[in-house]
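Here is what each chain is made of, one letter per residue.
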2 protein chains.
Amino acid sequence: MSVTIKDVAKEANVSPSTVSRVLSDSDKISEKTKRKVRKVMNELGYHINYNARVLVQKSTKTIGIVMKHSATHSWHNPFFPEVLRGISTYCHKLDYSISLTTGESEESIYKEVVKMVHGKRIDGIIVLYSKKDDKVVPFLIEQQVPFVVIGKPMEHTNEIMYVDNDNVQAGKEAAEFLIDLGHEEIGFIGDNPDFQVIQDRMNGFKEALLSNDLFYRDEYIKYVDDNNNRKIVTELFNQEITPTALVISSDIQAIGILKLLHEIGYRVPDDISIVTFNKTFITELSIPSLTTVNTQTYQLGYESSRCLIELINEPEMFKRSVIIPTVIEVNDSHQKVLKV
Amino acid sequence: MSVTIKDVAKEANVSPSTVSRVLSDSDKISEKTKRKVRKVMNELGYHINYNARVLVQKSTKTIGIVMKHSATHSWHNPFFPEVLRGISTYCHKLDYSISLTTGESEESIYKEVVKMVHGKRIDGIIVLYSKKDDKVVPFLIEQQVPFVVIGKPMEHTNEIMYVDNDNVQAGKEAAEFLIDLGHEEIGFIGDNPDFQVIQDRMNGFKEALLSNDLFYRDEYIKYVDDNNNRKIVTELFNQEITPTALVISSDIQAIGILKLLHEIGYRVPDDISIVTFNKTFITELSIPSLTTVNTQTYQLGYESSRCLIELINEPEMFKRSVIIPTVIEVNDSHQKVLKV
DNA sequence: CTGTTAGCGCATTCAT
DNA sequence: ATGAATGCGCTAACAG
């Protein structure tokens with residue numbers, strides 16, 4: 001059917017192993033025969049069959065990517081394409097392929113991961129989230145598959161390699177940015193708190209309030225369950241004292257909130273200031289453009305694949321973790337509080 | 001190292017071929033031995049090695065996905081995650097894996113595709129775009145790799161299986177929607193016209209104007225090159241007669257335009273109406289929410305993988321193509337023209 | 001430097 | 001209904 005090393009070997013009057021050595025550019029082969037063999041390869045239109053190589057080398061040069069299930073917002077969230085871009089840029093430098101797992105539920109994703117791993121389809125895995133009650137990570141630990149988590153693992157923090165922002169710090173910075181502008185009543189709106197990232201940002205937020213001697217009130221902390229944005233906003237602004245500023249855990253979420261605020265007559269930044277997290281095309285295109293903590297998603301992806309491939313090549317390596325710095329990007333969704 | 005069929009065979013007192021037959025659930029094996037073998041498989045923790053199977057079966061049960069290079073907007077565009085969701089949903093039903101090609105340039109993507117194909121890593125490919133001067137599609141034709149294009153191919157239309165919307169029709173509907181509201185001066189803002197989809201939508205737009213006896217003027221048609229949004233908007237509204245409505249080729253692009261209009265003091269929909277294409281989270285979260293032609297991206301993905309897998313299993317099949325209907329979704333970015 | 005031999009894990013003849 | 005033998009295409013000792 002297609003051309004194999006045997007065909008090339010015969011045509012070039014060498015043995016198959018010589019051809020194989022030419023393929024891996026072994027330094028034990030003379031330049032002359034290399035040239036000869038390569039010439040024949042071209043003439044015959046030879047191309048290596050990776051599957052055969054995988055079978056004997058036990059390395060697939062493929063990494064698996066596991067994401068949150070599609071029912072969550074991860075799909076709509078530009079985080080995903082951007083992190084993938086970072087991952088693939090690095091992977092392609094080192095000639096690794098990418099295999100994607102998705103699924104409609106946590107269970108189906110888990111099953112796919114199991115298949116990937118047991119079927120020996122991948123050399124390592126990047127997990128694009130860190131979540132409570134997740135089965136994937138424990139499975140990977142048990143199976144001793146090299147893996148890297150993007151986000152801070154909920155458990156086994158010291159045995160797991162992860163790449164993350166310092167989300168506590170990020171939350172703190174977001175709040176302090178507002179505090180420096182004179183805000184004293186600041187609310188927090190977060191996504192699903194099952195994800196570590198949300199918890200961290202909230203904790204940083206809280207920390208900032210307390211260390212600045214501001215009153216911290218539970219009524220100012222809201223989490224989005226499903227599509228209860230409206231309820232949340234209503235609750236926030238139906239209190240005796242209402243916030244003059246909001247920290248919102250993602251820019252996507254923020255534009256939703258922005259719209260609701262707009263509907264009930266609050267203007268940003270005139271009536272209320274907003275600081276969000278993540279920088280996507282939304283932050284600039286929103287009206288007003290959003291002041292945001294840039295988490296440098298591309299870098300998260302890039303570094304995670306770097307770590308993973310290092311780990312694959314050196315399984316016993318020290319499980320260090322990488323913190324990608326966050327950068328606050330000042331746009332138009334905030335305003336100073338005029339001291340009366 | 002890991003458990004193979006031989007190990008299972010030995011333990012179960014059968015031959016390796018019997019185990020293999022149990023794996024493929026052959027009807028030539030008695031239920032009794034099947035049960036026995038499966039029991040041993042569980043006990044030993046056996047899992048099939050797909051690579052070995054691929055080597056002999058010549059089917060990888062993997063499909064490749066080729067997208068536009070990341071320098072374009074495809075990455076930021078929620079089209080991508082959504083189409084992927086459709087693809088993966090179907091693929092996982094039929095137990096296919098997904099392998100992703102990406103790259104920083106057309107050239108690098110092309111190389112990756114070549115590697116995928118020659119390295120026999122995939123059974124078929126879905127190409128997520130249709131573009132002028134593209135090298136990937138001709139290569140796939142030449143190599144006789146089963147593939148499906150999302151979007152209408154620029155050439156070889158009859159020999160290529162594709163899944164697409166009727167974008168001419170969609171363009172027409174968008175324009176007619178505005179015409180029905182009384183608009184007579186309607187502009188069109190499109191993405192890179194190298195992509196067939198943009199051409200088609202523009203042509204449909206033009207057709208609608210002409211068949212409604214409206215004056216069609218070139219000054220009302222603008223394409224975005226790079227970041228010349230501002231220039232385009234300025235040009236459009238510095239003419240003697242300015243449009244009262246715009247058709248914009250994607251919702252992402254639309255919110256950019258929306259912002260510029262906002263800056264120069266035009267309000268949507270009061271001063272100008274907008275109809276866009278694609279429905280993503282943006283259409284609802286934008287202020288105002290965008291009236292848009294929903295192209296049903298998920299379906300595009302779902303159908304494309306369905307077609308591809310059919311094609312893989314029956315390479316000589318008739319190359320039919322699938323048109324996914326578009327649906328106009330009426331939101332808040334348009335207004336009737338008050339007849340004076 | 002190069003050839004020979006053996007085998008990766010599985011599916012598939014051809015036997016029985 | 002099951003077993004034995006062969007090979008998919010490649011790499012990796014071991015020779016020489």
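See the structure printed just above.
Everything numeric here is computed off the predicted structure, so don't read it as measured data. (Residues numbered from 1 in each chain as written. Chains lettered and ligands numbered in written order. Predicted model: local features only at pLDDT ≥ 70, side-chain atom pairs only at ≥ 80, totals over all residues. Heavy atoms only, no water.)

*Asks:* Explain the interface of chain B and chain A to me, and be specific about the residues and the numbers.
*Replies:* Each partner contributes to the interface: chain B provides 52 residues, whereas chain A provides 51 residues. Summed over both partners, the interface of chain B with chain A buries about 4800 Å², with 60% contributed by carbon and sulfur atoms. Between chain B and chain A we count two salt bridges in total. In this structure, the salt-bridge partner of aspartate 95 of chain A is lysine 115 of chain B, at a minimum N-O distance of 2.7 Å. At the surface where chain B touches chain A, the tally comes to 24 residue pairs in polar contact (both at pLDDT 80 or more). (Contact = heavy atoms within 4.5 Å. Buried area = accessible area lost by both parts, 1.4 Å probe. Salt bridge = Lys/Arg side-chain N within 4 Å of Asp/Glu carboxyl O. Polar contact = N/O pair within 3.5 Å; in protein donor to acceptor, adjacent residues only side chain to side chain.)

*Asks:* Any chance you could break down the packing of aromatic side chains for me, citing the residues and the numbers?
*Replies:* Taken as a whole, this structure holds 11 aromatic pairs over all chains when the rule is applied. Plain terms: the ring middles of phenylalanine 80 of chain A and phenylalanine 80 of chain B are 6.4 Å apart, the flat faces sit at 0° to each other, and that makes the pair stacked. Taken together, the positions of phenylalanine 80 of chain A in helix H5 (residues 79-93) and phenylalanine 80 of chain B in helix H5 (residues 79-93) put the pair across two chains. Here tyrosine 110 of chain A and phenylalanine 139 of chain A contribute two aromatic rings whose centre-to-centre distance is 5.7 Å and whose plane-to-plane angle is 80°, an arrangement assigned as edge-to-face. Note that tyrosine 110 of chain A is positioned in helix H6 (residues 106-118) and phenylalanine 139 of chain A in helix H7 (residues 136-143), a separation of 29 residues in sequence. Residue class for phenylalanine 139 of chain A comes out buried when judged on its relative accessible area of 4%. We note arginine 121 of chain A situated over the ring of tyrosine 50 of chain B; from NZ or CZ to the ring centre the distance is 4.3 Å. (Phe/Tyr/Trp six-rings, centres within 6.5 Å; stacked < 30°, edge-to-face > 60°. Helix = DSSP H or I, 4+ residues; strand = E, 2+ residues; numbered from the N terminus. Buried < 20%, exposed > 50% of the residue type's maximum accessible area, 1.4 Å probe, protein only. Lys NZ or Arg CZ within 6 Å of the ring centre and 35° of its normal.)

*Asks:* Describe the protein's contact with DNA strand C, naming the residues involved and giving the relevant values.
*Replies:* Around DNA strand C, the structure places 27 residues, and the nearest of them are Ser17, Thr18 and Arg21 of chain A together with Tyr46 and Arg53 of chain B. In this structure, serine 30 of chain A approaches DNA strand C through a main-chain N or O atom, which is 3.0 Å from a phosphate oxygen. Measuring from a phosphate oxygen of DNA strand C, one finds a side-chain N or O atom of tyrosine 46 of chain B at 2.3 Å. Where the surface near DNA strand C is concerned, the elements lending two or more residues are helix H2 (16-23) and helix H4 (50-57) of chain A together with helix H2 (16-23) and helix H4 (50-57) of chain B. Taken together, the residues of the surface near DNA strand C sort by class into 10 nonpolar, 12 polar and five charged. (Near = heavy atom within 4 Å. Nonpolar A, V, L, I, M, F, W, Y, C, P; charged D, E, K, R; others polar.)

*Asks:* Provide a residue-level description of empty space enclosed by the protein, including the pertinent values.
*Replies:* Scanning the entire structure with this criterion turns up four cavities of 30 Å³ or more. The computed volume of the largest cavity comes to approximately 240 Å³. Forming the walls of the largest cavity are 16 residues, and the residues nearest its centre are Asn51, Thr62 and Arg121 of chain A together with Thr62 and Arg121 of chain B. Secondary structure elements with two or more residues in the lining of the largest cavity: H4 and strand S2 (97-101) of chain A together with H4 and strand S2 (97-101) of chain B. Sorting elements by how many residues they give to the lining of the largest cavity places H4 of chain A first, with three residues. The residue inventory of the lining of the largest cavity, partitioned by class, reads three nonpolar, 10 polar and three charged. (1 Å grid on protein atoms, 1.4 Å probe; cavity = no way out; pocket = protein on both sides within 12 Å on 5 of 7 lines; lining within 4 Å. Points joined across faces, edges and corners; volume = space filled by probe spheres on them.)

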